[in-house]
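# Secondary and tertiary structure notes
Now for the letters of each chain:
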Amino acid sequence: MVTHVPAEAYGDERGALLSFVEAQRGALRRSLLGLTEEQAASRPSASELSLSGLLKHVAETELNWLRMAQQQPNEKQRTEETWSDSFRLVEGESVAAMSAFWDGVAAELEEFVRTVASLDDTFPLPEAPWFPKEGRVSMRWLLMHLVEEHARHAGHADIVRESLDGKTAFELVALESAQTRDRG
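First things first, this report covers the structure right here in the doc. (Residues numbered from 1 in each chain as written. Predicted model: local features only at pLDDT ≥ 70, side-chain atom pairs only at ≥ 80, totals over all residues. Heavy atoms only, no water.)

### What to know about the overall build of the protein
This is how it is decided: Starting at the N terminus, helices and strands are each numbered in turn, a helix being any DSSP run of H or I of at least four residues and a strand any DSSP run of E of at least two. Residue exposure (1.4 Å probe, protein chains only): buried if accessible area is under 20% of the type maximum, exposed if over 50%, otherwise partly exposed. Throughout, the Shrake-Rupley method with a 1.4 Å probe supplies accessible areas, and for residues the shown protein chains are the sole cover considered.
Along the backbone of the protein there are 6 helices and 2 strands. Taken from the N to the C terminus, the helices and strands of the protein come in the order α-α-α-α-β-β-α-α. Among the 184 residues that make up the protein, the fraction classed as buried is 40%. Of the roughly 10,500 Å² of accessible surface on the protein, 54% is carried by carbon and sulfur atoms.

Right, dumping it as structure tokens:
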């Protein structure tokens, strides 16, 4: 079964970009379908990545970019000492809770993007060796970067899930579709 990103209303660039971000979120979310917390935390491939760790990482990364764009402090800012915790669930965290957290971030991002005056509006990048000195990026760039970031990790999630139980991305799309039909 093929996934499809719906076309935007004519001229709705924001809607188109947000739809592509959401499509990549969906790929990551589907990788966790039907798994226990233990399975989601397992690392069945050569990678250190787990599906629940990827979920947490993308949720926190999206929040970080949102806060940079809003030019507000990030309440979940990581330090060098806590960086590894952004790739694994810690005491008291669950896949369901992390999914709900990400849903909140996604809703806040959409509301923010839909209310900025222009996708050409920019915000400063933090000082880091991988960013240009005094660099700035646009809201459009932010959304394209989230597509890139989420797609990269959705690919990781595909490999981890297939290593875990053999289910491929297309099988998970079919499973999700069946679950949606059964609920409807």
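### Here we look at helix H1 (residues 13-30)
Using the following cut-off: The length a helix should cover is 1.5 Å for every residue beyond the first.
If you check H1, its first and last C-alpha atoms are 26 Å apart, about what 18 residues at 1.5 Å a residue would give, namely 26 Å. Considered for burial, the residues of H1 that qualify are Arg14, Gly15, Ala16, Leu17, Leu18, Val21, Gln24, Arg25, Gly26, Ala27, Leu28 and Arg30.

### Let's talk about the nonpolar core
Across soluble globular proteins, nonpolar side chains show a tendency to be buried alongside one another. Put simply, the test is: Side-chain atoms within 4.5 Å are what join buried Ala, Val, Leu, Ile, Met, Phe, Trp, Tyr and Cys residues into a set we call a nonpolar core. Residue contacts are counted whenever heavy atoms from the two residues lie within 4.5 Å of one another.
Within the largest apolar cluster, 22 residues are counted, with the highest numbers of intra-cluster contacts made by Trp65, Leu109, Phe123 and Leu143. With 5 residues, helix H5 (residues 139-165) is the largest single contributor of residues to this core. Residue contacts for leucine 143: discarding those within four places in its chain leaves Leu17, Leu18, Val21, Leu109, Val113 and Leu119. Membership of the second largest hydrophobic core comes to 20 residues, among which are Ala27, Leu51, Val95 and Trp102.

### Describing the pattern of salt bridges
For side chains bearing opposite charge, pairing can occur when the charged atoms are close. To keep things clear, this is the line we draw: Basic side-chain nitrogens of Lys or Arg form a salt bridge, by our definition, when they fall within 4 Å of a carboxyl oxygen of Asp or Glu.
Considering all chains together, one arrives at 18 salt bridges under this definition. One salt bridge in this structure joins glutamate 62 and arginine 25, with 2.5 Å as the shortest N-O distance. With glutamate 62 in helix H3 (residues 51-70) and arginine 25 in helix H1, this residue pair connects regions lying 37 residues apart in the sequence. Given a relative accessible area of 0%, glutamate 62 falls into the buried group. Take arginine 25: its relative accessible area is 4%, and that puts it in the buried class.

### Points about the packing of aromatic side chains
Our working definition: Centres within 6.5 Å are what make two rings of Phe, Tyr or Trp a pair, Trp counting through its six-membered ring; a difference in plane orientation under 30 degrees is then read as stacked, over 60 as edge-to-face, and the rest as tilted. Whether a charge lies above a ring is judged from NZ of Lys or CZ of Arg, which has to be within 6 Å of the ring centre and within 35 degrees of the ring normal.
Summed over all chains, the structure comprises 5 aromatic pairs. Aromatic side chains tryptophan 65 and tryptophan 141 sit 5.3 Å apart centroid to centroid with 55° between the ring planes, which places their arrangement in the tilted category. Of the two residues, tryptophan 65 is situated in helix H3 and tryptophan 141 in helix H5; the sequence distance between them amounts to 76 residues. Take tryptophan 65: its relative accessible area is 6%, and that puts it in the buried class. Looking at tryptophan 141, the relative accessible area reads 34%, which means it is partly exposed. Within the aromatic cluster, the residues linked to one another by ring pairs are Trp65, Phe123, Trp130, Phe131 and Trp141. Its guanidinium or amino end placed over the ring of tryptophan 102, arginine 29 lies 4.8 Å from that ring's centre, counting from NZ or CZ. Taking NZ or CZ as reference, lysine 76 lies 4.9 Å from the ring centre of phenylalanine 101, over its face.

### Let's talk about the side chain of serine 31
Threshold: Identification of polar contacts relies on pairs of N or O atoms within 3.5 Å, with a donor-acceptor requirement for protein atoms, meaning one able to donate a hydrogen and the other able to accept it, and with residues adjacent in sequence counted only if both atoms are side-chain atoms.
Examined against the element boundaries, serine 31 turns out to sit in the loop between H1 and helix H2 (37-41). Of note is the side chain of serine 31, whose polar atom sits 2.6 Å from the backbone oxygen of leucine 28.

### Focus: the packing of H1 against H5
Just so we agree on the cut-off: Every axis corresponds to a line fitted to the C-alpha atoms, with the helix fit spanning only the stretch in contact, and the corresponding angles, defined between N-to-C directions, vary from 0 to 180 degrees. Oblique is the label for any angle not under 35 degrees, not over 145, and not in the 65 to 115 range, which are roughly parallel, roughly antiparallel and roughly perpendicular in turn. Should the near helix be turned anticlockwise from the far one by less than a right angle, the crossing is termed left-handed; should it be turned clockwise, right-handed. Only Asp, Glu, Lys and Arg are considered charged in this grouping, and only Ala, Val, Leu, Ile, Met, Phe, Trp, Tyr, Cys and Pro are considered nonpolar; every other residue, Gly among them, is considered polar.
The interhelical angle for the contact between H1 and H5, taken along N-to-C directions, is 20°, at an axis separation of 8 Å. The orientation of H1 with respect to H5, classified from their angle, is roughly parallel. As H1 runs across H5, the sense of the crossing is left-handed. Each of Glu13, Leu17, Leu18, Phe20, Val21, Gln24, Arg25, Ala27, Leu28 and Arg30 in H1 lies in contact with H5, whose residues at this interface are Arg140, Leu143, Met144, Leu146, Val147, His150, Ala151, His153, Ala154, Ala157 and Arg161. By residue class, the composition of the contact of H1 with H5 is 13 nonpolar, 3 polar and 5 charged.

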